[in-house]
Amino acid sequence: MPSIPLVTLTTDFGLADPFVGVMKGVIAGIAPEARVIDLTHDVPPQDVAHAARVLADNAAFFPPGTIHLAVVDPGVGSGRRPLCLAAKGQFFVGPDNGIFSAFLPPDQAVTIAPGRLGPRPLSRTFHGRDLFAPAAARIALGDDIMELGEPTADLASIELSRATREGDLFRARVIAADRFGNLMTDLSISEVPPGRPLVIRVRGREILGLAEYYALGAPGEPIALVNSTGRLEIAVAHGSAAETLGAGPGTEVLVYLK
Amino acid sequence: MPSIPLVTLTTDFGLADPFVGVMKGVIAGIAPEARVIDLTHDVPPQDVAHAARVLADNAAFFPPGTIHLAVVDPGVGSGRRPLCLAAKGQFFVGPDNGIFSAFLPPDQAVTIAPGRLGPRPLSRTFHGRDLFAPAAARIALGDDIMELGEPTADLASIELSRATREGDLFRARVIAADRFGNLMTDLSISEVPPGRPLVIRVRGREILGLAEYYALGAPGEPIALVNSTGRLEIAVAHGSAAETLGAGPGTEVLVYLK
Amino acid sequence: MPSIPLVTLTTDFGLADPFVGVMKGVIAGIAPEARVIDLTHDVPPQDVAHAARVLADNAAFFPPGTIHLAVVDPGVGSGRRPLCLAAKGQFFVGPDNGIFSAFLPPDQAVTIAPGRLGPRPLSRTFHGRDLFAPAAARIALGDDIMELGEPTADLASIELSRATREGDLFRARVIAADRFGNLMTDLSISEVPPGRPLVIRVRGREILGLAEYYALGAPGEPIALVNSTGRLEIAVAHGSAAETLGAGPGTEVLVYLK
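Residues numbered from 1 in each chain as written. Chains lettered and ligands numbered in written order. Predicted model: local features only at pLDDT ≥ 70, side-chain atom pairs only at ≥ 80, totals over all residues. Heavy atoms only, no water.

### Re a nonpolar patch on the surface
Together, A:Leu15, B:Leu15 and C:Leu15 line one region of the surface with nonpolar side chains, adding up to about 180 Å² of accessible area. Considering the arrangement of structural elements, one finds A:Leu15 in the loop between β1 (6-11) and α1 (19-30). (Patch = residues over 30% accessible without salt bridge, like charges linked within 9 Å, V, L, I, M, F, W, Y side chains within 5 Å. Areas by Shrake-Rupley, 256 points an atom, 1.4 Å probe, with all protein chains shown as cover. Salt bridge = Lys/Arg side-chain N within 4 Å of Asp/Glu carboxyl O. Helix = DSSP H or I, 4+ residues; strand = E, 2+ residues; numbered from the N terminus.)

Below, the structure is given as structure tokens:
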């Protein structure tokens, strides 16, 4: 646990409505010392896989003991279990729907028992405010997660998109476009044998080899490079690869080892 | 006053411009210990009633002593009074235009005297930065609000939208659609006698009874439920009620007691 | 240095992706006490001049010792120098591409030596996370900026848009439209001799004199006033000057002294 407890938030709530602010108010009421960092609130509505991938790629950049609170929760109010997990030196709080797939199996897992969070009203539609934020705040106060509920197992898991290999060919897919129109794929460069030239095909265009950085691209020409999470990325220097190629999440990207 | 003072921000400034960041800089310069939480900055431009409703619904989720700074202020620079209020164990700082209607009459109210905030320049167009942020920061430092100006009364008030009742019929209206397309109405469920079946009519569709949570709806079928602020809400599971029904703020919703 | 170190962020990363959150995580891991304030993340992609203007207009509203971290960085990964500057009692961390033009020449300037930031991986595409955030955090911890790299000079500079004068005529341009449709120009009112009546021409409309505040305008009629950063601004009370006039960044605004 760091000296100042750190809570991150990952939701599909957006920032136009007061949902995120209210969750922070609840945390501040229980654990006034905790710092809260927004990872993203623009997960596409109810896209659990998107949130799972954001957490998978980014949790390790936060200090040990960080509490990752994630609420993309189409099953709110139903029987899906509310979870607290300890894994990889950090904590994870959210619904049992696969959002923490990259961190399974955890070192510890409990189903949160609302009664352990004190005498709080529990709405049927906003467990981010009424259940997950209080649980994260209790961890921030130093509570052992085993105090927050009952040990649990057999957690829900989802398959995160991942490139497949057939001999010298990797079949990858675009999994996200960022604000610059850079296309992130599901191919981790760690799976590609080093030292062999690559040819990348996307939307009928052929890209030879990996560029070291964005500015190396000729204007309008797509390049491939390794992005900051270790994934293959397609970019256009001073432009948008998404627009130039008419590509987006789901677009196939073929990578040949020569 | 909590050990760490808490300031919330509610504005129509958006986040693309640096206005909100600058307000936080001014607060940090005066009250470095204060924590600032964004409630929302996406109030539709100059829509005081929208901001008033957001505060009415959400202030109580913040701890006692929280300072709610709200700036939706079409009259900035004119004669409208700048206010500090104490009400319901919290503080409210902003223009006298009805934005704090849900908290009237307050326990204490002062018109802020800019001269009490120290030798600061006062622009005619950005009192959020030059007047309200410094006043909120002074309260965060522990100043009594009576020190910030002169006692005042006869505060501006606006009527918040509220369903009306005619016998067994409630005439409600949609007051906001959230990011998921859920339609929040102006009917507080506390006004509806418990134990009687409800029939809800909206845009020619009929909904029988209240669902307990979102996931109970059949795909594409509108359901009604009680949302997290105690209001009647129309939703479509795994979809958008706003799109499915072609509804939005202002749409009539009729609720019959059977 | 304030008792609680303050870091501001100005980027073109947007808030939909987790880039900004990850930078905050890195800062929290190194300097847990530091407070981070978002100035804006909606700089148009790769628009260094826009970010330079935002910093020029707003840095002075933050307390002495504030660390301004700015990442609009089309040259990331290339040979462009990563900088830490001390100027005007504050610190500036970011790429050497003119983004800090308003603060040149600085009192001190170093090219950040990544090796001085400890054993950290350095990606080629996200120096905001791997290099600038750690450097800012080290300054927040109290490190002397001279410890972070080697002294440097001949910093890149860009010309910020600025109205020109020809006798009694100022030729100005709109440099930004805010969320309300107010049009900010590149004419600082401090350059205009006081006491002489002004006539402003924009998109074929003529505006006589300066209004004191927004609410003075007749509905639909453009007015001119001095905005909160001391610039001439064109507004429409209860409306959008950008829409009413069909104007935006680049639109010419002529100001005559009568």
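### Section: the sheet that holds strand β7 (residues 149-151) of chain C
Taken in spatial order, the seven strands make up an open sheet running β2-β1-β3-β5-β4-β6-β7 (chain C), and their pairing is mixed. Only two strands of the sheet have a single neighbouring strand rather than two, namely β2 (35-40) and β7 of chain C. Each neighbouring strand pair of the sheet contributes to a mean axis angle of 25 degrees, computed without reference to strand direction. Where strand β6 (residues 108-112) of chain C lies against β7(C), three bridges are found, and the strand directions are antiparallel. Looking at the pairing, C:Thr111 lines up with C:Glu150 of β7(C). Those strands touched by helix α1 (residues 19-30) of chain B are β1 (6-11) and β2 of chain C, and its axis lies near 150 degrees from that of β2(C). Its contacts with the sheet place helix α3 (residues 127-140) of chain C against β1, β3 (67-71), β4 (82-87), β5 (90-95) and β6 of chain C, and it is angled at close to 175 degrees to β3(C). (Pairing = 2+ DSSP bridges. Axes fitted to C-alpha atoms, helices over the stretch in contact; angles between N-to-C directions. Contact = heavy atoms within 4.5 Å.)

### Things to note about the interface of chain A and chain B
Counting from both sides, the interface comprises 35 residues of chain A and, opposite them, 28 residues of chain B. Both faces considered, chain A and chain B share a buried interface measuring about 2500 Å² in area, 58% of it formed by carbon and sulfur atoms. The interface formed by chain A and chain B contains two salt bridges. Notably, a salt bridge pairs B:Arg179 with A:Asp42, separated by 3.8 Å at the nearest N-O pair. Tallied by class, the residues present in the side of chain A that touches chain B amount to 16 nonpolar, 11 polar and eight charged. (Buried area = accessible area lost by both parts, 1.4 Å probe. Nonpolar A, V, L, I, M, F, W, Y, C, P; charged D, E, K, R; others polar.)

### Here we look at the interface of chain C and chain A
Contact residues are listed per partner, giving 35 residues for chain C and 28 residues for chain A. Across the interface of chain C and chain A, roughly 2500 Å² is buried in total on both sides, 59% from carbon and sulfur atoms. Across the pair C:Arg124 and A:Glu212 runs a salt bridge whose closest N-O atoms are separated by 2.7 Å. The interface formed by chain C and chain A contains 11 residue pairs in polar contact (both at pLDDT 80 or more). (Polar contact = N/O pair within 3.5 Å; in protein donor to acceptor, adjacent residues only side chain to side chain.)

### Notes on the relation of the copies chain C and chain A
Laying chain C over chain A is done by rotating through 120 degrees and shifting 0.0 Å along the axis; what remains is an RMSD of 0.0 Å. Overall, the copies show the geometry of a three-fold rotation axis. Closest to the rotation axis within chain C is the C-alpha of C:Arg35, separated from it by 5.2 Å. Little of the interface of chain C is mirrored in chain A: 9% of its interface residues are interface residues there too. (Least-squares fit on C-alpha atoms with pLDDT ≥ 70 in both.)

### With respect to the side chain of C:Asn97
Residue and element names in this part refer to chain C. Secondary-structure assignment places Asn97 in the loop between β5 and β6. A polar atom in the side chain of Asn97 sits 3.1 Å from the backbone nitrogen of Ile99. Not counting the four nearest positions on each side in its chain, Asn97 is found in contact with Val48, Val72, Asp73, Pro74, Ala156 and Ile158.

### Description of the sheet that holds β1(A)
Residue and element names in this part refer to chain A. As summarised here, the arrangement of the seven strands in space is β2-β1-β3-β5-β4-β6-β7, forming an open sheet in which the pairing is mixed. Taken across any chain shown, the strands that pair with only one partner, and hence form the sheet edges, are β2 (35-40) and β7 (149-151). This sheet shows a mean twist of 25 degrees between the axes of neighbouring strands, independent of strand direction. α1 rests against β1, β2 and β3 (67-71) of the sheet, and its axis sits at about 155 degrees to β1.

### Here we look at the packing of aromatic side chains
All chains considered together, the criterion is met by 18 aromatic pairs over all chains. Relative to C:Phe126, the ring of C:Phe13 lies with its centre 5.7 Å away and its plane at 85 degrees, an arrangement referred to as edge-to-face. Remark: C:Phe126 occurs in the loop between β6 and α3 and C:Phe13 occurs in the loop between β1 and α1 (19-30); sequence separation between them is 113 residues. We classify C:Phe13 as buried; its relative accessible area is 9%. The exposure class assigned to C:Phe126 is buried, which follows from its relative accessible area of 6%. The rings of A:Phe13, A:Phe19, A:Phe126 and B:Phe180 are connected pair by pair, giving a single aromatic cluster. (Phe/Tyr/Trp six-rings, centres within 6.5 Å; stacked < 30°, edge-to-face > 60°. Buried < 20%, exposed > 50% of the residue type's maximum accessible area, 1.4 Å probe, protein only.)

### A few points about the packing of α1(A) against helix α3 (residues 127-140) of chain A
The relative placement of two packed helices comes down to the angle between their axes together with the axis-to-axis distance. Residues and elements named next belong to chain A. In contact at an axis separation of 9 Å, α1 and α3 are set at 40 degrees when each is read in the N-to-C sense. Accordingly, the angle class assigned to the pair α1 and α3 is oblique. With respect to the hand of their crossing, α1 and α3 are arranged in right-handed fashion. Contacts between α1 and α3 pair Val22, Met23, Val26, Ile27 and Ile30 from the former with Gly128, Arg129, Ala133, Pro134, Ala137 and Arg138 from the latter. Tallied by class, residues from the contact of α1 with α3 come to eight nonpolar, one polar and two charged. (Parallel < 35°, antiparallel > 145°, perpendicular 65-115°, else oblique. Left-handed = near helix turned anticlockwise from the far one by under 90°.)

### Section: helix α3 (residues 127-140) of chain B
Residues and elements named next belong to chain B. Compared with the 20 Å implied by 1.5 Å per residue over 14 residues, the 18 Å span of α3 between its first and last C-alpha is a close match. Of all the bends in α3, the largest measures some 30 degrees and sits at Ala133, one to four residues before the proline Pro134. Of the residues flanking the end of α3, it is Gly142, one or two places downstream, whose phi is positive at about 105 degrees. (Expected span 1.5 Å × (residues − 1). Bend = angle between axes of the 7 residues up to and from the residue.)

### Here we look at the nonpolar core
Residues C:Val7, C:Leu69, C:Cys84 and C:Val93 are the most contacted members of the largest nonpolar core, which totals 56 residues. Setting aside chain neighbours within four positions, we find C:Cys84 in contact with C:Phe92, C:Val93, C:Gln108, C:Ala109, C:Val110, C:Ile112, C:Ala135, C:Ile139, C:Ile145 and C:Leu148. (Core = buried A, V, L, I, M, F, W, Y, C linked by side-chain atoms within 4.5 Å.)

### What to know about α1(B)
Residue and element names in this part refer to chain B. Helix length check: α1, at 12 residues, gives a terminal C-alpha distance of 17 Å against a target of 16 Å (1.5 Å per residue), a fit within 8%. Where burial is concerned, most of α1 is hidden: 10 out of the 12 residues are buried. Among the residues making up α1, those that are buried are Phe19, Val20, Gly21, Val22, Met23, Lys24, Gly25, Val26, Ile27 and Ala28.

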